[in-house]
Amino acid sequence: AALVAREAALLVPEYEAKFAALQPEEGRFDFTQFEAIAAWAQHFGKAVRGHALVWHQDLPDWARAAIAEGPRRARAVLDAHYDAVLPRMRARIRDWDVVNEPIANPPGSDVPEPPGNTGDLRDTPWLRALGPDYVAIALRAARERDATLRITLNDYGVEADTPWAEEKRRRLLRLLRGLRQRNVPLDAVGIQGHLQMREPFRPEVFAEFVRQIRALDLQVAITELDVRETRPPVGDFVQRDTAVALRVHAFLSAAFAGGARTVLTWGLSDRWSWLHREEAVALGGGDVHRGLPFDWELNRKQMWRALARAFLGQPAG
Ligand code: XIL
């Protein structure tokens, strides 16, 4: 807590504002954890973002079943959730990830789409019930309830210099252009920034992508920055930390050059990171990803300095 109080200006709950956390049973809302975070943040003068209203993960079973009943029921589930959450948190949460991870992973992904889905949008309960318009429906419904909310659409897998990420960038840009043409309310795009050292990165490619989003008059935030190392990681701690720091500096400098203005890391210390809690992303073999600015014992690593230098527009150094 002391570290967060000292280091962060903007907080986001990793789990406590997700659908299943807020509405574990239909009509029974639980704001205890979310409001505890909001109260703590207020005490320390920090802003809080909301994450996430419409997503395919962390939907409780009841909601999955209800959404699957069809478009009317799905719409009612969405409306009821928004009606409970948005007004209640309005004074404290001015920026929500309204739609999270809508873009389908192109072929070749670790988590491929089901064979039937060839569209740009990921196969989700919301897509199945409401069709591709679900994104616009979700964004409009947010604006209807809060005229000054910063509405963000958040996604991942668009950072690397790989054919796969290139295709995902194309898909995201197509979605954004379509939304813009139809005047659908949207203020910002969140790029998660879960970087992977095994993937190549080209600053010019990524900066140009951010520029293309900015050209649609949308803000860009890096919303979940952290770094997965190679399996197995190469070198001692110092060498590993240098590689991570260089990648982070290159990534953020490119993001800023393209016009991104906000950065959140997904946690502060390697110790309390999903990068070792979650099997799907963990390093394994007794190793822990050193992908956040502080290590297991809360010591600053080179990544902290890389962040600082990127914020200041300074070279990696
Ligand atoms: C992760 C959390 O960090 C974990 O604690 C949780 O168990 C699963 O979700 N993209 C997102 C985040 O938008 O919500 C995910 O957070 C990480 C990937």
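Values in this document were obtained by computation on a predicted structure and should not be read as measured data. (Residues numbered from 1 in each chain as written. Predicted model: local features only at pLDDT ≥ 70, side-chain atom pairs only at ≥ 80, totals over all residues. Heavy atoms only, no water.)

This part takes up the site of the ligand. Of all residues adjacent to the ligand, which total 13 residues, the nearest are E14, K18, H51, W266 and E278. In this structure, E14 approaches the ligand through a side-chain N or O atom, which is 2.4 Å from an oxygen atom. A distance of 3.0 Å separates an oxygen atom of the ligand from a polar atom in the side chain of E224. In the complex, 86% of the free accessible area of the ligand, which totals 410 Å², lies under the protein chains. Its residues placed into classes, the shell around the ligand shows three nonpolar, four polar and six charged. (Near = heavy atom within 4 Å. Polar contact = N/O pair within 3.5 Å; in protein donor to acceptor, adjacent residues only side chain to side chain. Areas by Shrake-Rupley, 256 points an atom, 1.4 Å probe, with all protein chains shown as cover. Nonpolar A, V, L, I, M, F, W, Y, C, P; charged D, E, K, R; others polar.)

Let us look at the nonpolar core. Core analysis: the biggest nonpolar cluster contains 81 residues, and Y82, W96, W126, I191 and F206 have the highest contact counts within it. No other element matches the eight residues that helix 7 (residues 134–145) contributes to this core. Leaving out residues up to four positions away in the same chain, W126 has contacts with F19, V54, W55, L59, I67, A74, V77, L78, G131 and Y134. With six residues, the next largest nonpolar core counts L264, W266, W274 and L275 among its residues. (Core = buried A, V, L, I, M, F, W, Y, C linked by side-chain atoms within 4.5 Å. Buried < 20%, exposed > 50% of the residue type's maximum accessible area, 1.4 Å probe, protein only. Helix = DSSP H or I, 4+ residues; strand = E, 2+ residues; numbered from the N terminus. Contact = heavy atoms within 4.5 Å.)

To continue, consider the pattern of salt bridges. Scanning all chains against the criterion turns up 32 salt bridges. Residue E26 pairs with R73 through a salt bridge whose shortest N-O separation is 3.0 Å. One end of the pair, E26, is in the loop between helix 2 (19–22) and helix 3 (32–43); the other, R73, is in helix 5 (residues 71–89), with 47 residues separating them in the sequence. On the basis of relative accessibility, which here comes to 46%, the residue E26 falls in the partly exposed class. Residue classification places R73 among the partly exposed residues on the basis of a relative accessible area of 27%. We note a salt bridge from R128 to D123, for which the minimum N-O separation is 2.5 Å. Relative accessible area serves as the criterion here: at 21%, D123 is assigned to the partly exposed category. A cluster of three or more residues bridged by salt bridges with shared partners is formed by D120, E167, R170, R171 and R174. (Salt bridge = Lys/Arg side-chain N within 4 Å of Asp/Glu carboxyl O.)

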